[in-house]
Amino acid sequence: MDNNDLGFDLHIRKEPPVTLVSPKNPNPVETIYLSNIDQQLIFPVETLFIFKGNKSFNNNEVDIVETVKKALSEKLLVSYFFLAGRINFNILQQRLELVCNNAGILFVGANSDLRLDELGDLSAPNPSFRDLIHELEGFDSLADTPVFTVQVTKFKCGGFSIGYATNHSILDGRSAAEMFQKLAAICRGDETALDNYVLNTDRSYIKARNPLQIKFDHKEYTKQTFSNFSTPTSQTKVNPSILDSTDAPRFELVALNSNFISMLKKKAMVKCSSFEAVVAHIWKCRAAALYDDPTKVSSVLFAVDIRGKMEPPLPDSFVGNAVITASASAVVEDLLVEPFSFCVEMVKEGIQKVTNEYVRSAIDWWEMHKGVPAIIDGNFFVSAWWKLPFHELDFGWGKPVYAGPLVTSMHEFVLLLPGQNGDGINVWIALERDRMERFMSYILMC
């Protein structure tokens, strides 16, 4: 599927942003410690949900803009009060922290002159969807920048979208998905959605040890000196106007159906998950397309949930980032010459090495080196969005026809999205155009 000529004007009229605050913010003001995992993730994650109008739900007279706005200001921001805070750089401690000062989230209501059927294919990310998000940029400093924004856009047909921009340092995918589910339940009229609902914001569970005990190399990270912190930038966004440029990256959404994934798992010759098989396949195909020098080392990076790997395990109520970067590395020639089982085994080993001691060592490593994931020299990061229950969200109009991230122009990120009608996995990838042609010649071969 070609997704490179999709940019167009959505004819959106936005109302001025409204600041929503928590009705029960802690007093005195609480400051939340941000872990070393959080410190690496000071950038916005933009997530969009699109819903069709649905007469059978008897919600035609309900204003979705006011419904979401009220649910946020009167309900959700009670439990999730910290979303109304701001990130501050503590000079004395030389690290970021979340100050729950109730400066507020930003909420935007909007209208489009278009119908949803005029947006084209809603099964794939689209550069034009960026107009459906209120972005976390344009502020004077990080301390002034909201960590959470919501935009609700109504379409002429009765459909609507809800777009979120969330600073990743505050919530990981699992925590964000749970928050979205709570908001949806409130909008459906569930008065008990937050009853007895207590969030554990204590991130000192994953604090560095003293003294530090770095027991692994942690090649999945690269050293970087954080000399300053700035407002999240738009470096990862896609401007639709550049999509026709010969220098622009080429985007592809590659559908790997369940039958194809089953064949990959059989080809692996070892017991493996769908994630392991698909990541290994993408890694092998991308290496063949990207590297001209077979002696180079290629690495694939991915997130591993650590909630059940810590000793003791993190509390069920923990909210924050509970994932670390893991990786698999190999010489390009080995990736191309060795059987597929070699690639799968490398990915499996990358996941299996994430034990409690490995996690503790990684946290200590970051305390010393202030590093970031090593998406350099052709390495890339695979993000498994398809595992998150975003397509189950129901605000009272049924499930979304689109649920997922905005597109990114960064070659270093590959997104795994749910397949159409829940069948298989869609791979969203960006590469230089000549490299993409080579990649596409390999990816659907099993």
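Residues numbered from 1 in each chain as written. Predicted model: local features only at pLDDT ≥ 70, side-chain atom pairs only at ≥ 80, totals over all residues. Heavy atoms only, no water.

## Quick look at the pattern of salt bridges
Once the charged atoms of two side chains with opposite charge are near each other, the side chains can pair.
Stage number 1. Evaluation of the coordinates by the stated rule reveals 20 salt bridges.
Stage number 2. Here Asp63 and Lys154 are joined by a salt bridge, their closest N and O atoms 3.5 Å apart. One end of the pair, Asp63, is in the loop between strand S4 (44-51) and helix H2 (64-79); the other, Lys154, is in strand S8 (residues 148-154), with 91 residues separating them in the sequence.
Stage number 3. With relative accessibility at 32%, the residue Asp63 sits in the partly exposed group.
Stage number 4. Overall, Lys154 belongs to the partly exposed group, its relative accessible area being 26%.
Stage number 5. The partner of Arg130 in a salt bridge is Glu135, and the shortest N-O contact between them spans 2.6 Å. Across this residue pair, the class does not change: Arg130 and Glu135 are buried. (Salt bridge = Lys/Arg side-chain N within 4 Å of Asp/Glu carboxyl O. Helix = DSSP H or I, 4+ residues; strand = E, 2+ residues; numbered from the N terminus. Buried < 20%, exposed > 50% of the residue type's maximum accessible area, 1.4 Å probe, protein only.)

## Looking at the sheet that holds strand S15 (residues 380-384)
Within a beta sheet, neighbouring strands are joined by backbone hydrogen bonds and run either parallel or antiparallel to one another.
Stage number 1. In space, the 6 strands of this open sheet follow the order S11-S18-S17-S15-S12-S13, with mixed pairing throughout. If you trace the sheet from one side to the other, it starts and ends with strand S11 (250-256) and strand S13 (323-331), each paired once. On average, each strand axis in the sheet is inclined to that of its neighbour by 25°, with strand direction left out of account.
Stage number 2. Where strand S17 (residues 413-418) meets strand S18 (residues 425-431), 4 bridges bridge the pair, whose relative direction is antiparallel. Bridge assignment links Pro418 to a residue of S18, and that residue is Ile425. (Pairing = 2+ DSSP bridges. Axes fitted to C-alpha atoms, helices over the stretch in contact; angles between N-to-C directions.)

## Quick look at helix H9 (residues 433-443)
Stage number 1. Listed in full, the buried residues belonging to H9 are Arg435, Met436, Phe439 and Ile443. All buried residues of H9 lie within an arc of 100° about the axis, which places them on one face of the element.
Stage number 2. In this structure, the buried residues of H9 make contact with S11, helix H4 (258-268), helix H5 (274-290) and S18. (Arc of directions from axis to C-beta. Contact = heavy atoms within 4.5 Å.)

## Considerations on a nonpolar patch on the surface
Stage number 1. Taken together, Leu212, Ile214 and Met368 make up a surface patch of nonpolar side chains, about 240 Å² in accessible area.
Stage number 2. Along the chain, Ile214 falls in the loop between helix H3 (173-187) and strand S10 (221-222). (Patch = residues over 30% accessible without salt bridge, like charges linked within 9 Å, V, L, I, M, F, W, Y side chains within 5 Å. Areas by Shrake-Rupley, 256 points an atom, 1.4 Å probe, with all protein chains shown as cover.)

## So, H5
Stage number 1. End to end, H5 covers 24 Å across 17 residues, agreeing with the expected 24 Å (1.5 Å per residue, within 8%).
Stage number 2. Burial runs high along H5: 15 of the 17 residues are buried. (Expected span 1.5 Å × (residues − 1).)

## Let's talk about the confidence of the model for the protein
Stage number 1. Of the residues in the protein, 91% have a pLDDT of 70 or more, and the chain-wide mean is 89.
Stage number 2. The low-confidence segment residues 225-245 (pLDDT under 50) makes 53 contacts with residues lying over four places distant or belonging to another chain. (pLDDT = per-residue confidence, 0-100.)

## Topic: the packing of H5 against H9
Stage number 1. Taken N-terminus to C-terminus, the directions of H5 and H9 make an angle of 140°; their axes are 8 Å apart at the nearest point. Here H5 is positioned oblique relative to H9, judged by the angle of their axes. Between H5 and H9 the crossing geometry is right-handed. On H9, the residues that touch His281, Ile282, Cys285, Arg286, Ala288, Ala289 and Leu290 of H5 are Arg435, Arg438, Phe439, Tyr442 and Ile443. (Parallel < 35°, antiparallel > 145°, perpendicular 65-115°, else oblique. Left-handed = near helix turned anticlockwise from the far one by under 90°.)

## Some details on unusual backbone geometry
Stage number 1. Cis peptide bonds are those with omega within 30 degrees of zero, and the linkage from Asn27 to Pro28 qualifies with 10°.
Stage number 2. Looking at the secondary structure, you find Pro28 in the loop between strand S2 (18-20) and strand S3 (30-33).
Stage number 3. Here Glu311 and Pro312 are connected by a cis peptide whose omega angle stands at -5°.
Stage number 4. Notably, Asn196 is not glycine yet its phi reads approximately 55°, a positive angle.
Stage number 5. Its place among the elements puts Asn196 in the loop between H3 and S10.
Stage number 6. With relative accessibility at 80%, the residue Asn196 sits in the exposed group.
Stage number 7. For Asp377, which is not glycine, the phi dihedral falls at a positive 55°.
Stage number 8. With respect to the secondary-structure elements, Asp377 resides in the loop between strand S14 (372-373) and S15.
Stage number 9. For Asp377, a relative accessible area of 65% gives the class exposed.

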